[in-house]
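Overview (structure and organization)
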Amino acid sequence: MKILVASHSYIVDLNCEKLRVLANLEPEIEVTIVVPKRWKPGGVMKDVVETHSRQEGSFRVVPVSNFSQNNQGMLTFGTDLIALMREFRPDIIQVEQGAKSLAYAQMITLNRLLRLNAKNLFFTWWNLPYSLKFPVSLLEAYNLRHTDGIVVGNVDGEKILRDRSYTGPMQIMPQLGVDDSLFRPQPQPELAAQLGISAQDFVVGFVGRFVEEKGLLTLAKSLAKLSNRPWKWLLLGRGPLKETLLKQATELGVADRLIWVESVPHADVYRYINLMNTLVLPSETTDQFKTLTSAGWKEQFGHVLIEAMACQVPVIGSDSGEIPNVIGQAGLVFPEGNVDELSDRLSQLMDQPDRVQELGQRGYQRSIAHYTNHALAKKLLSFYRELKNNK
């Protein structure tokens, strides 16, 4: 089976691991990833990324000339894509830019013009209802009409696509898996000492952006209600909410218990997760962004949850978006924005060491069974075969 995948996400080699595993599941599988030759993360000129070809057996990454360098929806490829598709002749074409993607429409059209007879798929994270105006509505209609299957990152996304009249096969799974060779239980005594964490401290962890919709102000209030217990709050990330959060923690009298860590490469995040007694993702759904869009936001997945689970760290999450579905029965869930309920979940773990160990084991088993790159690669291959067998 020949599989062609297109996305700017795979400029980052770490993100390619699931597809690299896929290429090695069986001898007849070949995976070619198309990435833009030039990309500007965040649209900042000094951050232009120049991509390079990579090949490892039946897995390869091929940079192709592109016209948009910082907009996912507007990304399209140059004429060198035609030669690549004609030479490779894929059985599966998957574009990971969403239902309204120009690149997806381009791939669909080339698939038809070159008579490749490949199955067309796209991946999307989008999990909120939306409406479209002309001509974007026509673009999406064209894409959905010629779609053989969809990989969607969450349950809400599947429901939305059904509401938009898509009736074909869908597979719910995240875009990226967890690297269980890196994210696994690994004691970090030296790092703990460096950060001033003692064996008596119950370490509550957060990894992500310091923004209001991540629920950090709710978590701060919940922890303050437990000030009679020996906890510390390890915050790994950065963002505009830091000063507001520090001010609130000072007012609550717990600022001295916060440990701030910024600018950590993703390959080192596992070290900090292994310091935690629990990781909390207290995301809160918003009616609208604090930007120009009125679409709103709710948690699309929560990748840090599966990384913590792989490290046998028990997780607590709000019921925003996909979080409850990711956690399942392997952690604790509370109603988003509810200070008392989150405080209750935290106290359960602080007061019950056996519960911490039990949930840590459950999370580990769930992560290994469902969310490693190997588990996702096998699931994806099964979906591809289902589509190939559909006439």
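Residues numbered from 1 in each chain as written. Predicted model: local features only at pLDDT ≥ 70, side-chain atom pairs only at ≥ 80, totals over all residues. Heavy atoms only, no water.

1. Considering the pairing of strand 12 (residues 231-238)
Looking along a regular strand, one sees the side chains alternate between the two faces of the sheet. Note the threshold: Per-residue accessibility, obtained with a 1.4 Å probe over protein chains only, is compared with the maximum for each type, and a residue is labelled buried under 20%, exposed over 50%, and partly exposed between these values. Helix and strand labels come from DSSP, where a helix needs a run of H or I of at least four residues and a strand needs a run of E of at least two; each type is numbered from the N terminus. For two strands to count as paired, DSSP must find a minimum of two bridges between them. A crossover counts as right-handed when, viewed with the strands pointing away from the observer, the path leading from the first strand over the helix to the second turns clockwise.
Counting buried positions over the eight residues of strand 12 gives six, a clear majority of the element. Relative to strand 12, strand 11 (residues 202-209) runs parallel, the two being bridged by eight bridges. Opposite G205, over in strand 12, you have L234 as the bridge partner. A crossover connection joins strand 11 to the parallel strand 12 through helix 7 (residues 216-224); in handedness this β-α-β unit is right-handed. What joins strand 12 to strand 13 (residues 258-261) is helix 8 (residues 242-252), and the crossover it makes is right-handed.

2. What about the packing of aromatic side chains?
Applicable threshold: Ring pairs are drawn from Phe, Tyr and Trp, using the six-membered ring of Trp, whenever the two centres fall within 6.5 Å, and their geometry is named by plane angle: stacked under 30 degrees, edge-to-face over 60, tilted for the rest.
Counted according to the given criterion, the structure contains seven aromatic pairs. Each ring, one from Y104 and one from F122, has its centre 5.3 Å from the other, and the planes form 65°; the classification is edge-to-face. Note that Y104 is positioned in helix 3 (residues 102-113) and F122 in strand 8 (residues 119-124), a separation of 18 residues in sequence. The class for Y104 is buried, based on a relative accessible area of 0%. You can call F122 buried: its relative accessible area is 0%. With a centroid separation of 5.2 Å and an interplanar angle of 85°, the aromatic rings of F123 and W125 are classed as edge-to-face. With relative accessibility at 4%, the residue F123 sits in the buried group. Since its relative accessible area comes to 23%, W125 is described here as partly exposed.

3. With respect to the side chain of E213
Just so we agree on the cut-off: Here a residue-residue contact requires only that any non-hydrogen atoms of the pair lie within 4.5 Å.
Within the secondary structure, E213 is located in the loop between strand 11 and helix 7. Here E213 is in contact with S283, E284, T286 and W297, once residues within four sequence places are set aside.

4. Comments concerning the sheet that holds strand 1 (residues 2-6)
Stated formally: Note on method: axes are straight lines fitted to C-alpha atoms, helices fitted across the in-contact stretch only, with angles between N-to-C directions ranging 0 to 180 degrees.
Strand order across the open sheet formed by eight strands is 5-6-2-1-7-8-9-10, with mixed pairing between neighbours. Lying at the two open borders of the sheet, with one neighbouring strand each, are strand 5 (54-56) and strand 10 (170-172). Strand-to-strand twist in this sheet, taken as the mean axis angle between neighbours without regard to direction, amounts to 20°. Across four bridges, the pairing between strand 1 and strand 7 (residues 92-95) is parallel. Across the sheet, V5 pairs through a bridge with Q94, a residue of strand 7. Along the sheet, helix 5 (residues 155-163) makes contact with strand 8, strand 9 (149-152) and strand 10, crossing strand 10 at roughly 160°.

5. Looking at the packing of helix 2 (residues 80-88) against helix 3
The test is simple: Working definition: roughly parallel below 35 degrees, roughly antiparallel above 145 degrees, roughly perpendicular at 65 to 115 degrees, and oblique for all remaining angles. A clockwise turn of the near helix away from the far one marks a right-handed crossing, whereas an anticlockwise turn of less than a right angle marks a left-handed crossing. When residues are sorted by character, Ala, Val, Leu, Ile, Met, Phe, Trp, Tyr, Cys and Pro go into the nonpolar class, Asp, Glu, Lys and Arg into the charged class, and all the rest, Gly among them, into the polar class.
Here helix 2 crosses helix 3 at 50°, and the two axes come no closer than 11 Å. With respect to their mutual orientation, helix 2 and helix 3 come out oblique. Relative to helix 3, helix 2 is oriented so that their crossing is right-handed. Counted together, L81, I82 and M85 of helix 2 and Q106, M107, L110 and N111 of helix 3 form the full contact between these two elements. In terms of residue class, the contact of helix 2 with helix 3 is made up of five nonpolar, two polar and no charged.

6. With respect to the pairing of strand 6 (residues 59-64)
Burial analysis of strand 6 places six of its six residues in the buried class, which makes it a mostly covered element. Burial along strand 6 is two-sided: F59, V61 and P63 and R60, V62 and V64, pointing in opposite directions, are all buried. Of the pairings in the sheet, the one linking strand 2 (residues 30-36) to strand 6 comprises six bridges and is parallel in character. When the bridges of strand 6 are listed, I33 appears paired with V61. Looking at chain direction, strand 5 and strand 6 are connected through three bridges and run antiparallel. Counted as the bridge partner of R54 is V61 from strand 6. Between strand 5 and the antiparallel strand that follows it, strand 6, lie two residues; G57 among them carries a positive phi value of about 65°.

7. A short note on unusual backbone geometry
Along the chain, F134 connects to P135 via a cis peptide bond; the corresponding omega equals 10°. As for its placement among the helices and strands, P135 is situated in the loop between strand 8 and helix 4 (136-145). With phi around 50°, R89 is a residue other than glycine that occupies positive phi space. Along the chain, R89 falls in the loop between helix 2 and strand 7. Owing to a relative accessible area of 41%, R89 belongs among the partly exposed residues under this scheme.

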